Amino acid sequence: MKTKILSLCLVLSAGLFAQNPTEIVEKTENKLRGEQSYAELSMTIVRPSWSRTITMKSWSRGTDYSLILITSPARDKGTVFLKNRKEIYNWIPSIERQIKLPPSMMNQSWMGSDFTNDDLVTESSLVKDYEHKLLGEDSINGRKVWKIELKPKADAAVVWGKVILHIDQKEYIHLKTEFYDEEGDLVNVMTAKKIGNLGGKILPVIVEMEPMAEPGHKTILHYHQLDFSVNIPREHFTTQYMKRVR
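Definitions and limits used
- Residues numbered from 1 in each chain as written.
- Predicted model: local features only at pLDDT ≥ 70, side-chain atom pairs only at ≥ 80, totals over all residues.
- Heavy atoms only, no water.
- Helix = DSSP H or I, 4+ residues; strand = E, 2+ residues; numbered from the N terminus.
- Rg over C-alpha atoms; globule rule 2.2 N^0.38 Å.
- Buried < 20%, exposed > 50% of the residue type's maximum accessible area, 1.4 Å probe, protein only.
- Contact = heavy atoms within 4.5 Å.
- Areas by Shrake-Rupley, 256 points an atom, 1.4 Å probe, with all protein chains shown as cover.
- Lys, Arg positive; Asp, Glu negative; His and termini not counted.
- Charge placed at Lys NZ, Arg CZ, Asp CG, Glu CD.
- Phe/Tyr/Trp six-rings, centres within 6.5 Å; stacked < 30°, edge-to-face > 60°.
- Expected span 1.5 Å × (residues − 1).
- Polar contact = N/O pair within 3.5 Å; in protein donor to acceptor, adjacent residues only side chain to side chain.
- Salt bridge = Lys/Arg side-chain N within 4 Å of Asp/Glu carboxyl O.
- 1 Å grid on protein atoms, 1.4 Å probe; cavity = no way out; pocket = protein on both sides within 12 Å on 5 of 7 lines; lining within 4 Å.
- Points joined across faces, edges and corners; volume = space filled by probe spheres on them.
- Nonpolar A, V, L, I, M, F, W, Y, C, P; charged D, E, K, R; others polar.
- Pairing = 2+ DSSP bridges.

A. Region of the structure containing the overall build of the protein chain. Along its length, the protein chain carries four helices and 13 strands. A globule of 246 residues ought to have a C-alpha radius of gyration of about 18 Å, and the protein chain, at 19 Å, matches this closely. Across the 246 residues of the protein chain, 47% fall into the buried class. Residue pairs at least 24 apart in sequence account for 46% of intrachain contacts in the protein chain once pairs closer than 6 positions are excluded. Summing over all exposed atoms, the protein chain offers an accessible surface of approximately 13,100 Å²; the carbon and sulfur share of this is 50%. For the protein chain, the separation between the mean place of its 34 positive charges and that of its 31 negative charges on side chains is 4 Å.

Shown next, in the form of structure tokens:
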């Protein structure tokens, strides 16, 4: 009997670690972005004594192109962030100035939130810029997840020293993401707070980012609409278009 139990454990263990962690991460990323997408979302920045909400529209084309337009509040309305392959630009309408963001700014706060520029504009790629290791399985709110460790490749210009993903085994979505600095200290935790149907896919509808060193601080990202059936011209993702996008 003991031999049979041991054999079963070995079979289950072999099945678990036969999973290719890179393929899991890639499938998860492709599900969220699709070939092309349009989204309307809001971001609420919460602090111990105040909070504020930013609304925005977002367009993406694969992993190389994305455009974010701030629609409110009034003081930020019209601000645009553009990713064109590895180049990141910011258009500030109040001063009619276009800025190219250097890699050194990718770890800075995005619009005063707990997300970094890299988190929102996504200069780095979880698939291409990291090595992946399957640590095992876990469970979050009754959902089975793969726990995958990401460590940056030697030549990758990335923000984090290590990332640990908790990916739902059924739906291939991020349920929790842990961000560590180069010293191995946990900096931020991003958690899916609500799962629902977006654009015909089961995806996180509300995501919360919490900095571990700042109690009472968090940023809540809420997707109100997500459409994967759009056809967005390549010309949409240019510095010229930044100034007239609506």
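Additional details are given in the paragraphs that follow.
B. Quick peek at the packing of aromatic side chains. Enumeration over the complete set of coordinates arrives at five aromatic pairs. Note on tyrosine 65 and phenylalanine 237: the rings are 5.8 Å apart at their centroids and 40° apart in plane angle, and the pair reads as tilted. Of this pair, tyrosine 65 sits in strand β3 (residues 65–72) while phenylalanine 237 sits in the loop between β13 (218–227) and α4 (239–242), and the two are 172 residues apart along the sequence. The same class applies to tyrosine 65 and to phenylalanine 237, which are both buried.

C. Quick peek at helix α2 (residues 21–33). Here α2 is 13 residues long and its end C-alpha atoms lie 19 Å apart, about the 18 Å a rise of 1.5 Å per residue gives. Restricting attention to buried positions, one finds in α2 the residues Pro21, Ile24, Val25, Thr28, Glu29, Lys31 and Arg33. Looking at where α2 begins, the residue whose side-chain oxygen comes 2.9 Å from the main-chain nitrogen of threonine 22 is asparagine 20.

D. Expanded view of the pattern of salt bridges. Enumeration over the complete set of coordinates arrives at ten salt bridges. One salt bridge in this structure joins arginine 85 and aspartate 64, with 3.7 Å as the shortest N-O distance. With arginine 85 in the loop between β4 (80–84) and β5 (87–92) and aspartate 64 in the loop between β2 (50–61) and β3, this pair connects stretches of sequence that are 21 residues apart. Taking relative accessible area as the criterion, arginine 85 reaches 46% and is therefore assigned partly exposed.

E. Inspection of the layout of surface pockets at higher detail. Estimates place the volume of the second largest pocket at around 180 Å³. If you trace the second largest pocket, you find 15 residues lining it, with Thr79, Phe81, Asn90, Ile92 and Met111 closest to the centre. For the lining of the second largest pocket, a count of residues per class yields seven nonpolar, six polar and two charged.

F. Looking closely at the environment of leucine 41. Looking at the secondary structure, you find leucine 41 in strand β1 (residues 36–47). As for leucine 41 and proline 73, which are separated by 32 residues in sequence, their C-alpha atoms are 13 Å apart.

G. Just the pairing of β5, in detail. Relative to β5, β4 runs antiparallel, the two sharing five bridges. When the bridges of β5 are listed, phenylalanine 81 appears paired with asparagine 90. The hairpin formed by β4 and β5 contains two residues between the paired strands, and arginine 85 there has a positive phi angle of roughly 60°. Two elements, β5 and strand β6 (residues 97–101), share five bridges in a ladder whose sense is antiparallel. By the bridge assignment for β6, tyrosine 89 is matched with lysine 100.

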